[in-house]
Amino acid sequence: MYTESELAAVAARENNNKRKYLVVNRLQGKHIPVSPSAFFGMTGELAEIVGEAYKGERLLLVGFAETATAIGASLAVRLDAWYMQTTRENIDGVSWLYFTESHSHATEQKLVREDIEAIIAETDRIVFVEDEVTTGNTILKIVDIIDREYGGDVKFSVASLLNGMDETSREVYRNRNIGVHYLVKTDHSGYTEIAEGYKKDGEYFGKNTCLPENPPKIKCVKGGLNARRLVRGSEYAKGCERLWTEISSDFADLSGRILVLGTEEFMYPALFIARELEKEGNTVRCHSTTRSPIAVSREEDYPLHRRYELASLYDDERTTFIYDLNKYDTVLIITDSQCKSERGVNSLANALRNCGNDDIRLIKWENEER
């Protein structure tokens with residue numbers, strides 16, 4: 001069992017009047033560097049709760065972009081359930097079910113319609129997986145869309161690491177027979193005041209997209225699947241195992257203090273590789289680039305202290321961020337971006353070099369097209 005203080009930290013959103021605070025999970029491996037074993041221990045507990053609640057049911061797990069994609073994948077692998085994620089990226093040749101997040105800085109979310117239609121008739125229950133649920137309104141929007149498009153036979157639940165729903169929101173879910181599962185209950189009533197009380201005087205670094213003197217070593221790996229499409233948990237695990245086999249073969253010199261970075265929605269393979277490296281006795285930390293513009297502070301009790309602005313590896317016109325980088329013996333960047341522009345890679349490499357990292361390696365997971 002976890003406590004609120006072990007998992008939840010309140011941070012200040014930047015330039016977002018819809019919701020001025022952000023709950024940063026200390027063990028999620030998104031904004032804060034984390035030991036991969038801590039992440040998998042946490043998600044393993046949530047998987048056990050879901051598995052116990054729905055024994056014998058055919059489950060489809062849906063992870064929410066961007067922060068919950070790895071949580072959803074971790075549960076799907078543990079339960080060997082079908083898995084798909086929402087996304088804000090484009091995928092060629094598909095159609096979409098669209099919905100929105102009213103509080104987010106990037107409000108558009110979507111699901112691949114063809115993937116829902118391929119599995120809905122074989123699904124007893126859809127479990128929406130989130131890092132943190134506050135009101136549950138976003139999930140209700142996609143429930144309404146699926147009910148309208150495909151009838152009312154499938155059941156729905158939500159599983160999250162943190163749950164901040166008040167009694168009114170919980171009553172709505174009870175009336176609609178939507179199951180709610182979580183590790184820690186949170187009370188958001190004072191979060192805005194906490195966020196506004198911080199000084200936001202941390203270190204802010206602008207993006208540098210110039211070609212670094214010593215660019216990262218690049219390796220391309222066939223992932224065997226498109227991690228943004230419908231996939232069985234066991235097949236996702238096999239794809240990550242193939243990735244690990246190639247990395248451990250080509251980079252046999254990996255040892256010491258290692259950072260493994262995911263990119264935006266593509267987080268689970270990075271955490272998987274980080275865990276394998278940790279099993280070999282290395283000191284490993286993992287986190288990810290993100291679209292979320294979060295204020296940073298020098299205050300000790302604030303969760304984030306240094307912010308590096310980046311060009312996205314997926315769209316060099318998009319601004320992304322990485323927080324609290326440190327110096328490591330080796331850095332592995334694991335991405336499914338095809339890195340068609342160098343600006344995103346350069347900006348991330350320059351941020352890492354700014355912290356004294358000299359050995360930077362980029363692994364590109366090449367998607368399987370359908």
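Above this text sits the structure in question.
One structure accompanies this document, and this report is about it. Since this is a predicted model, take the numbers as computed values, not measurements. (Residues numbered from 1 in each chain as written. Predicted model: local features only at pLDDT ≥ 70, side-chain atom pairs only at ≥ 80, totals over all residues. Heavy atoms only, no water.)

## A look at the overall build of the protein chain
From N to C terminus, the protein chain includes 10 helices and 18 strands. The C-alpha atoms of the protein chain give a radius of gyration of 20 Å, which matches the 21 Å a tight globule of 370 residues would have. Summarising its shape, the C-alpha atoms of the protein chain cover approximately 60 × 50 × 40 Å along the three principal directions. Looking at the protein chain as a whole, 60% of its 370 residues are labelled buried. A total of about 15,000 Å² of accessible surface is found on the protein chain, and carbon and sulfur atoms cover 43% of it. Here the protein chain holds 47 positive side-chain charges and 60 negative ones, and the gap between their average locations is 1 Å. (Helix = DSSP H or I, 4+ residues; strand = E, 2+ residues; numbered from the N terminus. Rg over C-alpha atoms; globule rule 2.2 N^0.38 Å. Buried < 20%, exposed > 50% of the residue type's maximum accessible area, 1.4 Å probe, protein only. Areas by Shrake-Rupley, 256 points an atom, 1.4 Å probe, with all protein chains shown as cover. Lys, Arg positive; Asp, Glu negative; His and termini not counted. Charge placed at Lys NZ, Arg CZ, Asp CG, Glu CD.)

## Notes on unusual backbone geometry
For residues other than glycine, phi is negative in most cases, and the peptide bonds are mostly trans. Following alanine 65, the chain continues into glutamate 66 via a peptide bond in cis, with omega recorded as 0°. Positionally, glutamate 66 belongs in the loop between β3 (59-63) and α3 (69-79). Notably, aspartate 80 is not glycine yet its phi reads approximately 50°, a positive angle. Within the secondary structure layout, aspartate 80 lies in the loop between α3 and β4 (82-85). The phi dihedral of cysteine 339 falls on the positive side, at around 50°, and the residue is not glycine. Counting through the fold element by element, cysteine 339 comes out in the loop between β17 (330-335) and α10 (342-354).

## What about the packing of α3 against helix α8 (residues 233-250)?
In contact at an axis separation of 7 Å, α3 and α8 are set at 105° when each is read in the N-to-C sense. By the angle between their axes, α3 is roughly perpendicular relative to α8. Note on element contacts: α8 touches α3 through Gly233, Tyr236 and Ala237, opposite Ala73, Ala76 and Val77. When grouped by side-chain class, the residues that make up the contact of α3 with α8 number 5 nonpolar, 1 polar and no charged. (Axes fitted to C-alpha atoms, helices over the stretch in contact; angles between N-to-C directions. Parallel < 35°, antiparallel > 145°, perpendicular 65-115°, else oblique. Contact = heavy atoms within 4.5 Å. Nonpolar A, V, L, I, M, F, W, Y, C, P; charged D, E, K, R; others polar.)

## Description of empty space enclosed by the protein
In the structure shown here, the tally under the stated rule is 1 cavity of 30 Å³ or more. As a volume, the largest cavity reaches approximately 60 Å³. Taken together, 13 residues make up the lining of the largest cavity; nearest its centre are Thr69, Gln85, Ala227, Tyr236 and Glu265. Breaking the lining of the largest cavity down by element, the ones donating at least two residues are α3 and β4. Among the elements that make up the lining of the largest cavity, the one with the highest residue count is α3 (3 residues). (1 Å grid on protein atoms, 1.4 Å probe; cavity = no way out; pocket = protein on both sides within 12 Å on 5 of 7 lines; lining within 4 Å. Points joined across faces, edges and corners; volume = space filled by probe spheres on them.)

## Quick look at the pairing of β3
β3 sits mainly inside the fold: 5 of its 5 residues count as buried. Of the two faces of β3, the one lined by Leu59, Leu61 and Gly63 and the one lined by Leu60 and Val62 are each fully buried. In this sheet, strand β7 (residues 125-133) lies alongside β3 in parallel orientation, the contact comprising 5 bridges. The residue of β7 that forms the bridge with leucine 59 is arginine 125. (Pairing = 2+ DSSP bridges.)

## Looking at the side chain of threonine 290
Within the secondary structure, threonine 290 is located in the loop between β14 (283-289) and β15 (306-311). Taking relative accessible area as the criterion, threonine 290 reaches 0% and is therefore assigned buried. A polar contact is formed between the side chain of threonine 290 and the side chain of glutamate 66, at a distance of 2.3 Å. Sequence-distant contacts of threonine 290, that is, excluding residues within four places in its chain, are made with Lys30, His31, Glu66, Thr320, Phe321 and Tyr323. (Polar contact = N/O pair within 3.5 Å; in protein donor to acceptor, adjacent residues only side chain to side chain.)

## Topic: the packing of helix α2 (residues 36-53) against helix α9 (residues 268-279)
Between α2 and α9, the least distance of the axes is 8 Å, while the angle of their chain directions is 115°. Once α2 is placed against α9, the crossing between them reads as left-handed. For the pair α2 and α9, contact is made by Pro36, Ser37, Phe39 and Phe40 and by Tyr268, Leu271, Phe272, Ala274, Arg275 and Glu278, respectively. Broken down by class, the residue content of the contact of α2 with α9 amounts to 7 nonpolar, 1 polar and 2 charged. (Left-handed = near helix turned anticlockwise from the far one by under 90°.)

## Let's talk about the sheet that holds β3
Strand order in the open sheet made by the 6 strands is β9-β8-β7-β3-β4-β12, with mixed pairing throughout. What marks the edges here is a single partner per strand, and that holds for β9 (179-185) and β12 (231-232). Examined bridge by bridge, β7 and strand β8 (residues 155-163) share 8 bridges and lie parallel to one another. Looking at the pairing, phenylalanine 128 lines up with valine 158 of β8.

## Things to note about the environment of leucine 313
Tracing the backbone shows leucine 313 in the loop between β15 and β16 (319-323). With 290 residues separating them in the primary sequence, leucine 313 and valine 23 have C-alpha atoms 25 Å apart. For leucine 313, the residues in contact, after removing those within four places along its chain, are Thr263, Glu264, Thr335, Ser337, Cys339, Gly344, Val345 and Leu348.

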